[in-house]
Amino acid sequence: GQNIDQPTEMTATEGAIVQINCTYQTSGFNGLFWYQQHAGEAPTFLSYNVLDGLEEKGRFSSFLSRSKGYSYLLLKELQMKDSASYLCAVRGRRRGSARQLTFGSGTQLTVLP
Amino acid sequence: DGGITQSPKYLFRKEGQNVTLSCEQNLNHDAMYWYRQDPGQGLRLIYYSQIVNDFQKGDIAEGYSVSREKKESFPLTVTSAQKNPTAFYLCASSRDRVLAGAEDTQYFGPGTRLTVL
């Protein structure tokens with residue numbers, strides 16, 4: 001089975017930097033995804049990591065350490081619109097012929113003025 | 001514009017009734033998925049389909065049924081056997097097949113919020 005842990009809530013100030021952590025235990029790892037989800041809306045894809053290291057995409061960066069079962073999402077120059085839930089999802093072994101994603105419960109980020 | 005559509009956005013159902021949620025995609029994706037999201041919880045997989053006329057149970061398939069008669073469409077029926085159907089339902093699709101990496105990212109529709117009265 002798979003288990004994913006991330007903090008339930010975080011608060012940060014506009015213009016600041018925030019790091020959202022995600023730890024996982026999985027039987028067979030095949031990639032980690034970060035999604036952003038505003039209240040009542042669909043998750044939108046932010047980043048993907050399959051190899052160790054940092055992937056940078058504008059104000060957002062994502063880091064992965066497979067040996068530690070650890071990832072983080074780094075958000076720089078926070079804006080009010082970044083207030084949302086951030087979901088960590090791990091792709092594990094194939095089950096049947098499809099690739100399965102297991103999602104964490106999400107981290108609700110509140111950006112204060 | 002390519003994308004995934006779900007309808008309706010809000011749905012109310014009386015207890016004991018079956019209801020079908022629509023999901024359509026024009027991304028030419030092979031794989032489609034249904035998830036359920038409850039407050040404070042992560043997404044849980046209900047059913048998925050990799051090709052037309054084939055689908056597999058996810059982690060919480062009991063009380064649900066699906067069909068995949070067309071590549072573009074993957075409707076979900078919430079039956080009266082589902083004991084706690086009130087939730088936010090999300091449909092997703094991906095290219096899947098033997099692709100790996102970011103090319104196999106799942107993209108989500110806007111969701112349907114189902115409330116059982």
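I will try to describe carefully the structure that is included in this document. Computed from a predicted structure; not experimentally measured.

Side note on the layout of surface pockets
A probe as big as a water molecule, rolled over the atoms, marks out the empty space that is left.
1) Next: Taken as a whole, the largest pocket spans an internal volume of roughly 450 Å³.
2) Next: Lining the largest pocket are 26 residues, with Q37 of chain A together with Q37, D38, P39 and G40 of chain B positioned closest to its centre.
3) Next: Elements that contribute at least two residues to the lining of the largest pocket include exactly strand 9 (84-95) and strand 11 (107-112) of chain A together with strand 9 (87-94) and strand 11 (112-116) of chain B.
4) Next: The class makeup of the residues in the lining of the largest pocket is seven nonpolar, 15 polar and four charged.

Structural notes on the pattern of salt bridges
A side chain with one charge can pair with a side chain of the opposite charge if their charged atoms come near.
1) Next: Inspection of the entire model under this criterion finds six salt bridges over all chains.
2) Next: One salt bridge connects E56 of chain A with K76 of chain A, and the closest N-O pair in it is separated by 3.7 Å. Pair noted here: E56 of chain A is in strand 6 (residues 53-57) and K76 of chain A is in the loop between strand 8 (70-75) and strand 9, with a separation of 20 residues, a long-range link.
3) Next: For K76 of chain A, a relative accessible area of 27% translates into the label partly exposed.
4) Next: Linking R59 of chain A and D82 of chain A is a salt bridge whose minimum nitrogen-to-oxygen distance equals 2.8 Å. Highlighted residues: R59 of chain A in the loop between strand 6 and strand 7 (60-65) and D82 of chain A in the loop between strand 8 and strand 9, separated in sequence by 23 residues.
5) Next: Take D82 of chain A: its relative accessible area is 2%, and that puts it in the buried class.
6) Next: A single salt-bridge network, built from bridges that share partners, covers R36, D38 and R44 of chain B.

Overview of the pairing of strand 4 (residues 32-37) of chain A
Residue and element names in this part refer to chain A.
1) Next: With respect to burial, strand 4 is a largely interior element, six of its six residues being buried.
2) Next: Burial of strand 4 is two-sided: the residues L32, W34 and Q36 facing one way and the residues F33, Y35 and Q37 facing the other way are all buried.
3) Next: When strand 4 meets strand 5 (residues 44-49), the two strands line up antiparallel, connected through five bridges. Bridge pairing in strand 5 links F33 to Y48.
4) Next: Connecting strand 4 to the next strand, strand 5, in antiparallel fashion are six residues, including G40 with a positive phi near 75°.

Overview of the state of the cysteines
Residue and element names in this part refer to chain A.
1) Next: Counting across every chain of the model gives two disulfides over all chains.
2) Next: Note on cysteine connectivity: C22 is disulfide-linked to C88, with sulfurs 2.0 Å apart. Measuring the twist about the S-S bond at about -70°, one finds the C22-C88 disulfide to be left-handed. Here C22 is found in strand 3 (residues 18-25), whereas its partner C88 is found in strand 9, with 66 residues between them in sequence.
3) Next: Take C22: its relative accessible area is 0%, and that puts it in the buried class.

Some details on the packing of aromatic side chains
How two aromatic rings sit relative to each other is set out by the distance from centre to centre and by the angle between their planes.
1) Next: Within this structure, the stated rule accounts for 17 aromatic pairs over all chains.
2) Next: Aromatic pair Y24 of chain A and F29 of chain A: ring centres 5.1 Å apart, planes at 15°, arrangement stacked.
3) Next: Residue classification places Y24 of chain A among the buried residues on the basis of a relative accessible area of 7%.
4) Next: With a centroid separation of 5.5 Å and an interplanar angle of 85°, the aromatic rings of Y35 of chain A and F108 of chain B are classed as edge-to-face. Placement of the pair is Y35 of chain A in strand 4 and F108 of chain B in strand 10 (residues 107-108), with the two residues belonging to separate chains. In this pair, the class of Y35 of chain A matches that of F108 of chain B, namely buried.
5) Next: An aromatic cluster of at least three residues, connected via ring pairs, comprises F33, Y35, F45, Y48 and F103 of chain A together with Y33, Y35, Y107 and F108 of chain B.
6) Next: The cationic tip of R68 of chain B hangs over the ring face of F74 of chain B; the distance from NZ or CZ to the ring centre is 6.0 Å.

Conventions used here
Residues numbered from 1 in each chain as written. Chains lettered and ligands numbered in written order. Predicted model: local features only at pLDDT ≥ 70, side-chain atom pairs only at ≥ 80, totals over all residues. Heavy atoms only, no water. 1 Å grid on protein atoms, 1.4 Å probe; cavity = no way out; pocket = protein on both sides within 12 Å on 5 of 7 lines; lining within 4 Å. Points joined across faces, edges and corners; volume = space filled by probe spheres on them. Helix = DSSP H or I, 4+ residues; strand = E, 2+ residues; numbered from the N terminus. Nonpolar A, V, L, I, M, F, W, Y, C, P; charged D, E, K, R; others polar. Salt bridge = Lys/Arg side-chain N within 4 Å of Asp/Glu carboxyl O. Buried < 20%, exposed > 50% of the residue type's maximum accessible area, 1.4 Å probe, protein only. Pairing = 2+ DSSP bridges. Disulfide = S-S within 2.5 Å. Phe/Tyr/Trp six-rings, centres within 6.5 Å; stacked < 30°, edge-to-face > 60°. Lys NZ or Arg CZ within 6 Å of the ring centre and 35° of its normal.

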